[in-house]
Amino acid sequence: MRSNRQNVIGLLFASPWILGMGIFLFYPVISSLYFSFTSYSILKPPVWIGLSNYQELMHDEIFLKALSNTLIICAASVPLTTALAICLALLLNTKRKGISLYRTLFYIPSLVPTVALAVLWLWIFNGQYGLLNEGLSKFGIKAVPWLTDPSWAKATLIMISMWGCGNAMVIYLAGLQDVPQSLYEAGELDGASAWQKTKSITLPMISPVIQFNVIMGIIGSLQTFALPFVMFPGGQPARSTYVVAMYLYDNAFLYQRMGYASAMGWVLFLATMILSLVSLRLGDRHVHYGGGA
Amino acid sequence: MNNVLPAVLCVLLGIACACGLESSQVSVSKTDRIEVQYWEKWTGEEMEAMKRIVDKFNASQSEIHVKYLSVSGIADKTLLATSGGTPPDIAGLWGDQVVQFVDLNALTDLSDLAKDAGVVEENYIPAYWSICSAYGRLYALPTSPGSGALYVNRQLVPPQYASPETFPKTISEFNKFAEQTDRRDPSGKLLVASFMPRDGWGLWNMPYVFGDGFLQDGQINVNGKDDLEAWTWVKSFTDRYGVTETKSFRSGFGNYSSPQNPFLSGKLATYADGPWFSNYIRMFKPSMDWFAVPFPYPDNHPELAGFSTMNLNTLVIPKGAKHAREAFRFLAFVQEQKNMEQLCMDQQCNSPLSNSSQKFLTSHPNKAIALFDKLAKSSRAVPPVPLGIRAQIGSEVGNAVDQMELGELTPQAALDQAQSRLVAMWAKYQQQVLGK
């Protein structure tokens, strides 16, 4: 009896969170699944149309273009960001005077709000007055149309996405500090070089952290929205930077096709889940759990 | 422990009461007047101009208090609030959104309220009234409108073109003018471009310069003869400057409302825009010697002269607004000539009314206001496409123009592709939104 009462009290204390999750997460998620099978323009009642939205998506050239852009950006930015974050973490894992300050300085950029960042990058990549082209011109390199050429625009987006590697870097840093010192000492006794120690000790030991960050990176890059939305309105030039989240937003709030946008959201969710599962599967072979069986 | 359960319940009850109290406080006016909630997109000087009208209305009577709230993303928020049953009493939408909102059943029909208040079609410039109407009914009323003309920087054009009288009237004359106005450095780098069709206001209506534009016989037609002619002409500027040079040159253009605007920074000799642009000249380049002219028309087609892009800021009453009648009293107040002219003068726009006072035309801060007024009244004044898929048309045509300029597709192929997509989108819209 007393246990039941305690359960009730516990649930009551947790009720604000439970209510919040229910109202603001579970209800919208379930609703969007339902809406994805309907034609729904927000102010009129949804009309059940079965799998029509999903069938239309499979033939929608704009969606397929946006999906391919998203996957290209994901495929390029995740490995690059991972490599950069690991390199920075390795550098910041050394014992030097003022290392805390360096760690802070390298982490700070990831705190800058995306919209402010986008405006800043617009100026850096400006074709005529941009800092980057100005620097390149010193080496005799002709101005690059970073923002106005379809192939460069995508590359620009990928480069900028690496700016936010600070979060991953901090997690790698924590992982690096968990690597037992004795392993390095053993390696040194065997005459291992710095690269051999990194390859054979550090990377395997932090592989669970790498796997976690890669999965988070995949999820994050598939949801990319604010940066291209601000920097490349409408996915210009020629929809080369049009990503799924932008098309989803346009359908939901500009074209008032909430049902179609919901279906798109679920396809994106499935793509994210599949890629995450693939990463986990690959991880089974390559990830080393120090304390595992 | 026995006291914990009542304590938790008390806390939850307290939170619930506080929320209830908060929501009930919103609807109680401090002045015991009926409070009309007005959501508007404007900030800065434009907001101040409308606030003066709101204050004037609030001071003019004792029953209604209009509360102005500046809201970003006005269309999305109005739609979602309407869907949730708590819309504002008045929302300031752009004119090109009215039809879509009507299709979504989001707006109150104002026809009868307007008739009772003496707000009639005859008082307005036809193109602006048409923007406020859909399917023969009235759903919005105008605030500040715009019509488009070509601003010319006198200091950047050859002397023979440096007056409204001698400026090119036809497309072929304009092409000659463009060739004589472009300036490059010895290496071929573009320094001043005569005109960049993609910069400024009105690009999307370019097919109307050459004919019927996006609609023919009520059907979407973005790949007709006039469309092809228009976009080929637009593309001719990129072809002349070179794709790479055009990209490089345009990438140096700054924000519209900044000193880096290409016209204000002296990179473009001409710029298509509305009457409000003179305000930016005053703010960022007061020394500029400028004049405005109508857009050129195709050779041998003088009947196509007088083209002007049009749009309008509107006031609407969303469906489900709690104080629709009171809200309409404010809308009608704004329509009074002296109030409308005050608003339009403060926002540096032309007036949507068919008759403008002499004082409005002579003391307006834009010295070319008579031209903008005349263009708005022209039979070639082009309001936004009256279809609920206007955003999709803009997106598809924009993509087609991108593709033809980049050389990815020929103009005809790019427009054919856009046409086939838009026909499918329109069919889907008719089926899903209009229930046809």
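Quantities reported herein were computed from a predicted structural model and do not represent experimental measurements. (Residues numbered from 1 in each chain as written. Chains lettered and ligands numbered in written order. Predicted model: local features only at pLDDT ≥ 70, side-chain atom pairs only at ≥ 80, totals over all residues.)

**Student:** Whenever I open this one, the overall build of chain B confuses me. Can you help?
**Tutor:** Summing up its helical and strand segments, chain B has 17 helices and 15 strands in all. Classification of the 436 residues of chain B by burial places 46% in the buried group. (Helix = DSSP H or I, 4+ residues; strand = E, 2+ residues; numbered from the N terminus. Buried ≥ 20, exposed ≤ 12 C-beta atoms within 10 Å, placed from the backbone.)

**Student:** For this particular structure, what's the right way to read the overall build of chain A?
**Tutor:** Secondary structure assignment for chain A yields 14 helices and 2 strands. Considering only C-alpha atoms, chain A reaches an extent of 75 × 70 × 35 Å along its principal axes. For chain A, the residues scored as buried account for 32% of the 293 residues in total. Pairs at least 24 apart in sequence give 69% of the contacts found in chain A among residues at least 6 apart. (Contact = placed C-beta atoms within 7 Å.)

**Student:** I would appreciate a short explanation of the pairing of strand β14 (residues 308-316) of chain B in the present structure.
**Tutor:** Side-chain direction in a regular strand flips from residue to residue, so the side chains alternate between the two faces of the sheet. Residues and elements named next belong to chain B. In terms of burial, β14 is a largely internal element, 9 of the 9 residues being buried. Burial along β14 is two-sided: the residues S308, M310, L312, T314 and V316 and T309, N311, N313 and L315 are all buried. Summarising the sheet, strand β3 (residues 90-94) and β14 pair through 4 bridges and their orientation is antiparallel. In the sheet register, W94 faces β14, and the bridge partner there is N313. Pairing between strand β6 (residues 141-147) and β14: 5 bridges, direction antiparallel. By the bridge assignment, P145 is partnered in β14 with L312. Where β14 lies against strand β15 (residues 381-382), 2 bridges are found, and the strand directions are parallel. (Pairing = 2+ DSSP bridges.)

**Student:** Is there a simple way to explain the domain arrangement of chain B in this structure?
**Tutor:** Many descriptions give the size of an interface as the accessible area lost when the pieces come together. All names here are of chain B. Domain boundaries assigned for chain B yield domain 1 (31-147 + 310-382) and domain 2 (159-309 + 387-432). Averaged C-alpha coordinates put domain 1 and domain 2 at centres separated by 29 Å. The interface is formed by 24 residues belonging to domain 1 together with 20 residues belonging to domain 2. Elements represented by at least two residues in the side of domain 1 that touches domain 2 include exactly α4 (98-103), β6, α15 (369-376) and β15. If one sorts the elements of the side of domain 1 that touches domain 2 by residue count, α15 sits on top with 5 residues. When its residues are assigned to classes, the side of domain 1 that touches domain 2 shows 12 nonpolar, 9 polar and 3 charged. (Domains from an automatic or database assignment. Nonpolar A, V, L, I, M, F, W, Y, C, P; charged D, E, K, R; others polar.)

**Student:** Teacher, can you tell me more about the confidence of the model for chain B here?
**Tutor:** Predicted coordinates in areas of low pLDDT are best not read in detail. All names here are of chain B. The share of residues in chain B with pLDDT of 70 or more is 93%, and the mean pLDDT across the chain is 91. Scored below 50 in pLDDT, residues 19-28 shows 0 contacts in the model against residues more than four places distant or in partner chains. Taken over the whole predicted complex, pTM reads 0.87, whereas the ipTM for its chain interfaces reads 0.84. (pLDDT = per-residue confidence, 0-100.)

**Student:** Please clarify how the interface of chain A and chain B should be interpreted in this entry.
**Tutor:** At the junction of the two partners, chain A supplies 27 residues and chain B supplies 28 residues. Only α1 (2-35) and α13 (244-254) of chain A provide two or more residues apiece to the side of chain A that touches chain B. The element best represented in the side of chain A that touches chain B is α1 of chain A, accounting for 3 residues. Residues that form the side of chain A that touches chain B fall into these classes: 15 nonpolar, 9 polar and 3 charged.

**Student:** Any chance you could explain the environment of A391 of chain B here in plain terms?
**Tutor:** Considering the arrangement of structural elements, one finds A391 of chain B in helix α16 (residues 390-406). Taking the C-alpha atoms as reference points, A391 of chain B and Q97 of chain B, separated by 294 residues in sequence, lie 9.1 Å from one another. Ignoring sequence-local partners within four residues, the contact set of A391 of chain B consists of L254 and Y255 of chain A.

**Student:** Just checking my understanding: could you explain the nonpolar core for this structure?
**Tutor:** Residue and element names in this part refer to chain B. Among the nonpolar cores identified, the biggest contains 169 residues, and V98, Y139 and V316 are the most heavily contacted of them. Composition of this core by domain shows at least three residues from each of domain 1 (31-147 + 310-382) and domain 2 (159-309 + 387-432). For Y139, the contacting residues outside a window of four places in its chain are V98, V102, L107, D109, L110, C132, S133, A134 and V316. (Core = buried A, V, L, I, M, F, W, Y, C linked by C-beta atoms within 7 Å.)

**Student:** What exactly am I supposed to notice about unusual backbone geometry here?
**Tutor:** Residues apart from glycine generally show negative phi values, whereas peptide bonds are mostly found in trans. Cis rather than trans, the peptide bond between Q236 of chain A and P237 of chain A has omega equal to -10°. Along the chain, the position of P237 of chain A falls in the loop between α12 (226-231) and α13. Not every positive phi belongs to a glycine, and R239 of chain A is a case in point at roughly 60°. Within the fold, R239 of chain A resides in the loop between α12 and α13. Overall, R239 of chain A belongs to the buried group, with 23 C-beta atoms counted inside 10 Å. The backbone phi angle of N300 of chain B is positive, close to 65°, even though this residue is not glycine. Residue position: N300 of chain B is located in the loop between β13 (290-293) and β14. According to the C-beta neighbour criterion, N300 of chain B is exposed, with 9 such atoms within 10 Å.

**Student:** Just checking my understanding: could you explain the packing of α13 of chain A against helix α14 (residues 258-286) of chain A for this structure?
**Tutor:** The description of two helices packed together rests on the angle between their axes and the distance between the axes. Residue and element names in this part refer to chain A. Running from amino to carboxyl end, α13 crosses α14 at an angle of 160°, the nearest separation of the two axes being 7 Å. Put simply, α13 runs roughly antiparallel to α14. The way α13 lies across α14 gives a crossing that is left-handed. Residues V244, Y247, L248, N251 and A252 of α13 lie in contact with α14, whose contacting residues are M258, Y260, A261, M264, G265 and L268. Within the contact of α13 with α14, the residues separate by chemical class into 9 nonpolar, 2 polar and no charged. (Axes fitted to C-alpha atoms, helices over the stretch in contact; angles between N-to-C directions. Parallel < 35°, antiparallel > 145°, perpendicular 65-115°, else oblique. Left-handed = near helix turned anticlockwise from the far one by under 90°.)

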